[in-house]
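Read off the chains here:
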Amino acid sequence: MRRRNIWIVFCVTTVVLLALDLWLKSWAAANLHGHEVRVLVPGVLGLTYHQNPGAFFGFMAGFGGARWVLACLKVIVLCGLAWYYGRLPFEKRFWFMRLPILLIFIGGLGNLIDRVSLGIVRDMLDFLFMNFAVFNLADVYVTVGVFSLMFVGLFIVKDFPFP
């Protein structure tokens, strides 16, 4: 696949998945009030609106500069991910690395947009069967991307290239 096509896939996938994440966050902010829980899958998954002023699990929530420190760090990481995505070799097996990198990029971008524009990250997905943090679709993208990348690194592309 040519370099141009790789960036077309990158841009189209980013726009579609980012739009889905931002739409769900906006919908949750407008339609879920207080500690209201809307059950999606009984006993498994529900929607509960929560605002996270910090990083993962509320880390750094009390630090006034957290918004900008976290935003700067995220911009550096996103630039690195985009650079690495574009520098991967064009062999077919490296597509198994491109998709997880793309998911991590989109998830990071979705939460970055929230953090910079609102000062918080909007969360709404809630596991009903256990006491776990409320999270959002961008968090799902990052989590799936990281675990997929680890799987790919262990079982498919054992020699990660560092271009």
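These remarks concern the structure in this document. Quick caveat, the model's predicted, so the values are computed rather than measured.

Time to look at the environment of K25. Locating K25 in the fold gives a position in helix α1 (residues 3-31). Under the relative-accessibility criterion, K25 is labelled buried at 0%. Distance from K25 to D114, taken between C-alpha atoms, is 9.0 Å for residues 89 residues apart in sequence. Residues within four places of K25 in sequence aside, it is in contact with G110, N111, D114, R122, M124, N136 and A138.

Another point: the sheet that holds strand β1 (residues 38-41). The 3 strands lie next to each other as β1-β2-β3, forming an open sheet whose pairing is antiparallel. The open sheet terminates on both sides in strands that have one partner only, identified here as β1 and β3 (121-127). Strand-to-strand twist in this sheet, taken as the mean axis angle between neighbours without regard to direction, amounts to 40 degrees. Inspection of the sheet shows β1 paired to strand β2 (residues 45-52) by 3 bridges, in the antiparallel sense. Each residue of the ladder has a partner; that of V39, found in β2, is G46. This element, α1, spans β1, β2 and β3 of the sheet and lies at about 85 degrees to β3.

Taken as a whole and judged by the stated rule, the model has 9 aromatic pairs. For the pair F127 and F129, a centre-to-centre distance of 5.3 Å together with 50 degrees between the ring planes defines the contact as tilted. Judged by relative accessible area, which is 25%, F127 ranks as partly exposed. Centroid distance F127 to F132: 6.0 Å. Interplanar angle 50 degrees. Geometry classified as tilted. F132 sits in the partly exposed class, given a relative accessible area of 37%. Every member of this aromatic cluster is reached through a ring pair, and the members are W7, F10, Y85 and F105. Just above the ring of Y85 sits the side chain of R98; from NZ or CZ to the centre is 5.5 Å.

We now examine the pairing of β2. Remark: 3 residues form the turn of the hairpin made by β1 and β2, two consecutive strands paired antiparallel; G43 in that turn has positive phi of roughly 75 degrees. Two strands pair when backbone bridges link them, and β2 and β3 are joined in this way by 6 bridges, in the antiparallel orientation. Bridge pairing links L45 to F127 in β3.

Its 29 residues place the ends of α1 42 Å apart at the C-alpha level, agreeing with the 42 Å of an ideal helix rising 1.5 Å per residue. Buried within α1 are the following residues: I6, F10, T14, L18, D21, L24, K25 and A28.

All right, on to the nonpolar core then. Inside soluble globular proteins, nonpolar side chains tend to come together where they are buried. Among the nonpolar cores identified, the biggest contains 34 residues, and M97, I101, F105 and M124 are the most heavily contacted of them. Of all elements in the fold, only α1, β2, α2 (66-87), α3 (95-118), β3 and α4 (137-155) reach the threshold of two or more residues within this core. In terms of residues, this core owes the most to one element, α3, which gives 9 residues. In this structure, I101 is in contact with L81, Y84, Y85, L88 and L149, ignoring residues within four places of it in sequence.

A few words now on α3. The terminal C-alpha atoms of α3, which comprises 24 residues, lie 34 Å apart, in line with the 34 Å expected from a rise of 1.5 Å per residue. By the criterion of burial, α3 is predominantly enclosed, with 17 of the 24 residues buried. One or two residues past the end of α3 sits G119, with phi positive at roughly 85 degrees.

The rules behind the values
- Residues numbered from 1 in each chain as written.
- Predicted model: local features only at pLDDT ≥ 70, side-chain atom pairs only at ≥ 80, totals over all residues.
- Heavy atoms only, no water.
- Helix = DSSP H or I, 4+ residues; strand = E, 2+ residues; numbered from the N terminus.
- Buried < 20%, exposed > 50% of the residue type's maximum accessible area, 1.4 Å probe, protein only.
- Contact = heavy atoms within 4.5 Å.
- Pairing = 2+ DSSP bridges.
- Axes fitted to C-alpha atoms, helices over the stretch in contact; angles between N-to-C directions.
- Phe/Tyr/Trp six-rings, centres within 6.5 Å; stacked < 30°, edge-to-face > 60°.
- Lys NZ or Arg CZ within 6 Å of the ring centre and 35° of its normal.
- Expected span 1.5 Å × (residues − 1).
- Core = buried A, V, L, I, M, F, W, Y, C linked by side-chain atoms within 4.5 Å.

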